[in-house]
Each structure stands twice: as C-alpha cells, then as structure tokens.
Amino acid sequence: MATRPTRTRFALLAGMLVVGSVGCGETPTESTEPPTEGEPPANVAPALAAIPDQAVIRNALVSRSVEVALSITDPDDTRHSVVIESSDESVLSGSAVSCGPGPCVLTLSPVLDATATVTLSVQVADDDGADDRADFVLRVEPRRVTSTADLGPGSLRSVLDEAEAGDVIGFDAEGAFASGATISLLTEIEIDRSVTIEGPGQDVLTVSGNNVTRAFRIAGQAAATILDLTIADGVAGLEPLPVGEERRVGGGALVMPGGALTLKRVRLNGNQAELGGGVANFDATLLIEESSVSDNDASGSGGGIYFGGDGAGSTRLVSTRLAGNDAAEAGGGLASIAGPVAISGGRIERNTALRGAGLSVGGVKPVWDAEIVDNRAEASGGGAYFFGAGAVVESTLFQMNEAAYGGGACVCEGTDVTMSGVSIDANQAISGAGVYVFGTFALRSGSELSDNVATEFGGGLVVNLESSATLEESVLRGNDAEAGGGLFAFGDVRVAPSLLEANTANYGGGAHVIGAPSTVSSTTLRANRADFNGGGLRVVGSDAPATMENSEILDNSAGAWGGGIELATAGGVTHQLSNTVVSENKAAFGGGLLASSSVDVVDTHFIDNEATQAGGGVHTADRLVVTGVSRISQNSARLGAGIHASRRVTLGEDSSVAGNRAAERGGGFYLTSTADLDVLDQTSSLIVGNSAGIAGGGIYNAGGDIRDVDPRTVLGNAPDDIAEGN
C-alpha cells in the first residue's frame, strides 16, 4: 500500500499567521487600464519558480535546518495558500514559511535517524483556486569520506576534523569504498567531539593501525559511535593512566575517562596491547553491540577488552562474539577490574589466558543468554573467573572450557556469584571441572552441571575451605572425578531441592564432603557410583554434621563401603536422616548406609538395599538411633541384612526391621562383640519376617548385649528369631 503523503498547510499574510492563505511573492502590478464595466477581470494563476534540490548534513544531536526560497509571482493577488507534501512526515516536523520583502522562505528541520532522500512537492494556490506546483529533492546525508588516504582532503581524519559535534560521517560507497577498502594509519585518530561514523560494512572497510599505531582514541567528554567497519592491526603505545603510571593500553581503540564509545556491527581483529588488545575502557562508557572481537592479544590482561579505572564507567556487551583472543595474565576475552560488566547474548569462545580465559571480571550484573565455550586457562576459570563485587549469571551456557581449577568457572577471591538457568557442560579441570568455589556460590532455577570431568576433586563442583554453596532446583548429572563426582566440598553445602544423578568417582560418586556441615533437603541422589566408598554421598573428617531430610537415595553403588551413603566423621558429630527413603543401593559393606559416626534416623526407610558382605540396609560402627515410623526392610547381605552393628543400636517406637535376607547370619541384625541392642517399645517395635541362611534370622548376636528384648518384638524370623555365636 502506498504511503499517503503528509500535507502541511501554511497560512501567512504580511509575515503574520492567517488561516488559509499566505502573502508571498511580489506585490501585484497596478493596472493603468480602467476595468471594463460589467466584466470581472480575468484571474491570472500564480507562478512558482523551479526549486533546486537541497541537502542537509545529518546530525545525531540536533536537527539541522535548510532554507528553501519560494519565488511566487502573481499579477493580481497578494494572498495565497502554500501546501507542502512529503511521504515522510518527519521531514515536515517543525517546518515553517516566512514572507517579507522578496521571496517567501520555507524552512525545513528534518528529524531523520538515517540517511534519506525525500521528494517534496510545493503547491501555491490563490483564492480563486488557480495554482502552480514545483517538486524538489531533499537529501539528508552524512559528511562523506571519499579517500582511503590517512591524510588530506576527503580522508577520514580530515572529515573528522571538519565535523561538528553530533555530525554523522559516512563513506563514498560508489567510489573509493565500493569494496575491499583499507585506511592505513600512521598515527592514531583522536575523536574529541561527539560523532557517529557509519561504515559501509565490516567486509568493505578496514581501519588499520598498520601494526604501528592504535586506530582510535576517544577523548574524555566525547561520545563516539562507530558502525559497520573493521578495526584491525592496531598497536598501543605508552599511555599515561589516571592512576599515575604509563601502560600500553587499547590496541584497537582507547576510551579515556568521561568518554563514551559505542561499537555496533564492528569487527576488532588482530590488535595488540598490554591491557585491552582490542579495546580498553578507563572510567568511560563502552557499549559493544552485534560485533566481533577476535584474535587480539594482550601481554597483560584483557586480550579482547579491558575495563579499568576507579569504577566510574561501565562496559556492556550485547550479542557480541569474543573469539580467539589471548592474555598473558587475566581475561583472554575480557578483563574488568573497575566494576560491573553487563553481557547480554553473544558467544565467548576459544580465548586463552592464565586465569579467566573467557572472562575475568570483578563484577557482572548480569550475564544473560550468553554462550561461553571452548576457552582455556592455565590456572583458574577456563570459561570465567569471578572476583570482587560478585556476579549474577542467567540463562548462560558454559561448555567445553578447561582450566586447572574451575574449568567452567571459578568463583574466586571470596566473591559472591549466583547462577540461574545455566548449563555447565563438558568442562575439564584438575579440580572443579564445572565450577570451583572460593567464596559464596548459589546455583538455582533449572541450572544443570553435566558431563564435567575433573582428574582430582569435584567433577561438577568444588566448594573450598571458608566457602559455601547452595544448590536449588538444579541438576548435577554425569560428572566424574577422583573424589566427588558431582560435588566435592571442604566448605558448607546446602542442597534443596535438586537432583544428583549418574555421577561417578572413586570416592563420593554423587557428593563428597570433608570437614564441613552439609544439608540435603528434598533432593534425589540416584544412580551415582563410587569405585570405592560412598556411592551417593560420602561425608568424612571432623566437625562435619550431615543433615538429610525429605530426600531419596536410590540405586547408587560403591565398590567397598556405603552404596547409598557413607558417614565417616570424627569429633563426636551426630548426623541426621529424616523422612528419607534409601532404596536399591549396593556396596560390599553398608548397601544403604555405612556409618562410623553417630546417626539419628527418624521416619526414614531403608528398602531393598544390598551388601555383598555386611550391612545390607545399614552398617554401623557407632551409635545408631532409629525412631519414628522407620522401616528397614527387604535388604540383603551375607551378614546383617537389615543392620550390621558394632556399637549401640536403639530401635524406637513404631520402627521395624522386617523381611530382610542374610545369606549366612543375621537376617534382621548382626551384633558384633562390641555392639548392644536396645528396643524401646516392646509392643510397637518389630523385628519380624527376616531370614538367614545359617542362623539368626531375626538377630545374630556374636557376643554383644541384647537389652530387654520381648519375645513379642522378635517373631516370625527364620530359621530362628535369635541366635548366639562368636
């Protein structure tokens, strides 16, 4: 559908606004002939002289005006209406016609945010309806760069020198910049006023530092926007910094304090510096949008981008790719020590550094919808190294990154990081292949740590000393390590509610906790495997109480101890399991649970677990109290299918040990010489329906102490209810 032209009617008389008509042009000539009686004089139509085409320079800050002379002649009228038509109403916004002696003047102040060519039509009519029309073209266009030379008329440097604040600068796309053009610089171009540079395309124009100089320097208080070109082969020289030292900063571009730079659809490639191989920002405003920062190099930090200063500026990336950049120290893709960085979308890949190969940032709020992939750090934080002010990361992928510590990410130096809806997948490290935490970390809202591999600790996650981690509504799946396939913690851990599934390790297939409190709530540990101890969960060390509630420990396995759970702490710690199901787990000792420290079991069921040697449901070498409606049933072992005990076991009211099967002795209980059994309620606590291949279907007592067990409590076991032995 054709756009209906916009019509603007001006009505002026003798320079003043009058509805419907305008006094324009020359005063009509007075006739010396008397009018013929009875006949009105014949009307003569107004005449509008041809109007030349007009041009106005685009300006991003103000709307520039152009004055168009309207030469109107009419021998018999002084009043006319003037109508201006245009298909683009923004051209007529703020327009005016003024008349005085001589021609009328049409003033146009077009409000256009892009280069445009607009046809306008001017119609002049008198009161009798006679009219004339003239068309002209208005071009709203940038200042033009016409030469690829570094210096001289038509060069980019020369046009910038001529530009006023807010001007838009373009390139002659039909001439020197039709294809494959390069502007090779001998010295940097300093932009000291607010301008917009509109390139013809990344593949059409390269502004090159020629491996001798930086390309652009943005002065303080200047705001530059650069679009659609490539900045390449820049080399930073020594620059005095606000902190009082000289460094080689910003190989491709440098933004000084108080300045601002926007890069959109720009490629920064092959630039070099000590800080910020591609671009450096010091207490300024930097926005990079829909751009590529690739193959830049920093001998210090920030291979692609460096953000420094005292925290007065900002850096934001939108749908931007950081790829193949290298930093000898921190932040192969981006390094920030000055404050928060905002990242939305984009891909950060194949960057390298000592730490933080993808990102090394002292504050990110937020990272959103980004992909951080295939980055390599020699030390910490293959995908990202977080420190300082902390970070919020949402809906982001960390994949196939590698580092010694924190293949996907390192939460380091005591910082605080929250991740929501992230996927941390197939990363590698010595420790903490997914995430390494030396601070405070929260993983929330549908996040997943999967298929990460650590050669030592924490395939999915490591929580270091004096650190803490919270997992909520998250999944740890398919991770592998020497210890702690899914999770390895020296620090406090809280998991609620989440899933730890199919993780593998020698020790602590699902999770391994050393010397720190841990809480597992409303969580499932399923199908995890340990070659030695703690298939689902292993807790060792001193002062490390474990609390597990409203959870499921299902189908985990260990080659030696604790198919579902191993609790092996010292220091008088008591662990607690409540409202939990421990089922179908398998080990040599303690199919469901192996405990060498004190455990309270409340309203918890051990069902259908298996031990090839002893303790199908529970193998305990310390105090065990079973209370509430707890069931230990359908477990199997060679000795002590329900419970194998070496210390005191208390069976509380409404608890039962039933239907367990021992290949040799102790279907319900196997009590060693150091064990004793206390049944608190002789009527509601039951040891019933258990069986043993040799003796002690209900209880096999190898020299322990059985306290006040009523025959009504132990019944229906085969081949006997209670057997004594050595």
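Residues numbered from 1 in each chain as written. Predicted model: local features only at pLDDT ≥ 70, side-chain atom pairs only at ≥ 80, totals over all residues. Heavy atoms only, no water.

## Structural notes on the overall build of the protein
So, step 1. From N to C terminus, the protein includes two helices and 92 strands.
So, step 2. Compactness check: the protein gives a C-alpha radius of gyration of 40 Å against a globular reference of 27 Å for 726 residues, more than 25% above the reference.
So, step 3. With the C-alpha coordinates of the protein rotated into their principal frame, the extents come out at 150 × 65 × 40 Å.
So, step 4. Each of the 726 residues in the protein was classed as buried or not, and the buried ones make up 57%.
So, step 5. Within the protein, counting contacts between residues at least 6 apart in sequence, those at least 24 apart form 78% of the total.
So, step 6. Counting every atom, the protein has about 27000 Å² of accessible surface; 49% of that belongs to carbon and sulfur.
So, step 7. Computed over 42 positive and 91 negative side-chain charges, the separation of the two mean positions in the protein equals 5 Å. (Helix = DSSP H or I, 4+ residues; strand = E, 2+ residues; numbered from the N terminus. Rg over C-alpha atoms; globule rule 2.2 N^0.38 Å. Buried < 20%, exposed > 50% of the residue type's maximum accessible area, 1.4 Å probe, protein only. Contact = heavy atoms within 4.5 Å. Areas by Shrake-Rupley, 256 points an atom, 1.4 Å probe, with all protein chains shown as cover. Lys, Arg positive; Asp, Glu negative; His and termini not counted. Charge placed at Lys NZ, Arg CZ, Asp CG, Glu CD.)

## Remarks on the packing of aromatic side chains
So, step 1. This structure, assessed with the given rule, holds nine aromatic pairs.
So, step 2. Measuring from ring centre to ring centre gives 5.9 Å for Tyr385 and Phe387, while their planes differ by 50°; the resulting arrangement is tilted.
So, step 3. Taking relative accessible area as the criterion, Tyr385 reaches 7% and is therefore assigned buried.
So, step 4. Their ring planes at 20° and their centres at 5.2 Å tell us that Tyr670 and Tyr700 sit as a pair that is stacked. Taken together, the residues span a long stretch of sequence, with Tyr670 in strand E85 (residues 669–671) and Tyr700 in strand E89 (residues 699–701) at a distance of 30 residues. (Phe/Tyr/Trp six-rings, centres within 6.5 Å; stacked < 30°, edge-to-face > 60°.)

## Brief notes about the confidence of the model for the protein
The predicted coordinates ought not to be read in detail in places where the model reports low pLDDT.
So, step 1. In this model, the protein carries an average pLDDT of 91, and 93% of its residues clear a pLDDT of 70 or more.
So, step 2. Ignoring residues within four places in sequence, the model shows residues 11–32, a span with pLDDT below 50, making 54 contacts including any to other chains. (pLDDT = per-residue confidence, 0-100.)

## Details of the nonpolar core
So, step 1. The biggest cluster of nonpolar side chains holds 115 residues, and the ones touching the most others in it are Leu156, Phe216, Leu261, Phe386, Met419, Phe441 and Leu461.
So, step 2. With residues up to four places along the chain from it excluded, the contact list for Leu461 reads Val435, Val437, Phe441, Leu449, Ala469, Leu471, Gly486, Leu487 and Phe488.
So, step 3. Leu92, Leu112, Val118 and Val122 belong to the second largest nonpolar core, which has 26 residues in total. (Core = buried A, V, L, I, M, F, W, Y, C linked by side-chain atoms within 4.5 Å.)

## What to know about the sheet that holds strand E10 (residues 104–108)
So, step 1. The three strands are arranged E6-E10-E9 in an open sheet whose pairing can be described as antiparallel. Looking along the sheet, the strands with just one partner apiece sit at the ends: strand E6 (66–70) and strand E9 (96–98). Taken pair by pair, the neighbouring strands of this sheet meet at an average axis angle of 25°, ignoring direction.
So, step 2. Both E6 and E10 contribute to a ladder of five bridges, which runs antiparallel. Across the sheet, residue Val68 finds its bridge partner in E10, namely Leu106. (Pairing = 2+ DSSP bridges. Axes fitted to C-alpha atoms, helices over the stretch in contact; angles between N-to-C directions.)

## Let's talk about the pattern of salt bridges
Any two side chains of opposite charge can pair, given that their charged atoms come close.
So, step 1. Per the stated rule, a full pass over the model turns up 36 salt bridges.
So, step 2. Arg64 is paired through a salt bridge with Glu164; the nearest N and O atoms lie 2.9 Å apart. Separated by 100 residues along the polypeptide, Arg64 in the loop between strand E5 (54–57) and E6 and Glu164 in the loop between helix H2 (156–162) and strand E14 (168–171) bring together distant segments of the chain.
So, step 3. Residue classification places Glu164 among the partly exposed residues on the basis of a relative accessible area of 46%.
So, step 4. Taking the shortest distance from any N to any O, the salt bridge between Arg529 and Asp531 comes out at 3.7 Å.
So, step 5. A single salt-bridge network, built from bridges that share partners, covers Glu188, Glu190, Arg214, Arg217 and Glu239. (Salt bridge = Lys/Arg side-chain N within 4 Å of Asp/Glu carboxyl O.)

## Structural notes on the pairing of strand E61 (residues 511–514)
So, step 1. Taken together, the three bridges between strand E57 (residues 487–489) and E61 define a ladder with parallel strand orientation. If you follow Ala489 over to E61, its bridge partner there is Val513.
So, step 2. Taken together, the four bridges between E61 and strand E65 (residues 537–542) define a ladder with parallel strand orientation. Counted as the bridge partner of His512 is Arg538 from E65.

## Thoughts on the state of the cysteines
As used in these notes, a disulfide is a covalent bond between sulfur atoms, one from each of two cysteines.
So, step 1. Throughout the structure, instances matching the rule amount to one disulfide.
So, step 2. Each sulfur of the disulfide joining Cys410 and Cys412 lies 1.7 Å from the other. We note that Cys410, like Cys412, is buried. (Disulfide = S-S within 2.5 Å.)

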